[in-house]
Amino acid sequence: MIRNNGYIEKVKKIKNIKDDKIMTIGEVSAYLKISERIIVKLVEDGEIPYFTIGGHWRTRKADISDFIDTLIQGKRV
């Protein structure tokens, strides 16, 4: 929901992860088909860039695509 001039508007949730540009740890885990624990370690090790919103980790889908590209090129994590 977004507060706009004292009114609260409902915001449509993104239903398809393919359309989502910002991803949670759980969504990244599902997208890459690996455990959330491994994603958290990759984030903590700086392998996957992230930012926080209200204490929750988020990453851009574009950054995940870049991460995948580095793995395809042979980088080991």
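Look up a bit, the structure's there.
The structure displayed is predicted, hence computed values, not measured ones.

## Notes on the sheet that holds strand E3 (residues 22–23)
The three strands lie next to each other as E3-E5-E4, forming an open sheet whose pairing is antiparallel. The open sheet is flanked by E3 and strand E4 (51–53), the only strands paired with a single partner. For E4 and strand E5 (residues 56–60), the ladder comprises three bridges, and the chain directions are antiparallel. Each bridged residue has a counterpart across the sheet, and for Ile53 the counterpart in E5 is His56.

## Topic: the pattern of salt bridges
What the rule picks out here adds up to three salt bridges. Ionic pairing is found between Lys41 and Asp45, a salt bridge with its closest N-O pair at 2.7 Å. Taking the shortest distance from any N to any O, the salt bridge between Lys75 and Glu47 comes out at 2.9 Å. Of the two residues, Lys75 sits in the segment after helix H3 (61–72) while Glu47 sits in the loop between helix H2 (36–44) and E4, which places them 28 residues apart along the sequence.

## Considerations on the nonpolar core
In terms of nonpolar packing, the biggest core is built from nine residues, these being Met23, Ile25, Val28, Ile39, Leu42, Val43, Ile48, Ile64 and Phe67. Secondary-structure elements contributing two or more residues to this core are helix H1 (25–32), H2 and H3. Broken down by element, this core gets its largest block of residues, three residues, from H2. Here Phe67 is in contact with Leu32, Leu42, Glu47, Ile48 and Val77, once residues within four sequence places are set aside.

About the thresholds
Residues numbered from 1 in each chain as written. Predicted model: local features only at pLDDT ≥ 70, side-chain atom pairs only at ≥ 80, totals over all residues. Heavy atoms only, no water. Pairing = 2+ DSSP bridges. Helix = DSSP H or I, 4+ residues; strand = E, 2+ residues; numbered from the N terminus. Salt bridge = Lys/Arg side-chain N within 4 Å of Asp/Glu carboxyl O. Core = buried A, V, L, I, M, F, W, Y, C linked by side-chain atoms within 4.5 Å. Buried < 20%, exposed > 50% of the residue type's maximum accessible area, 1.4 Å probe, protein only. Contact = heavy atoms within 4.5 Å.

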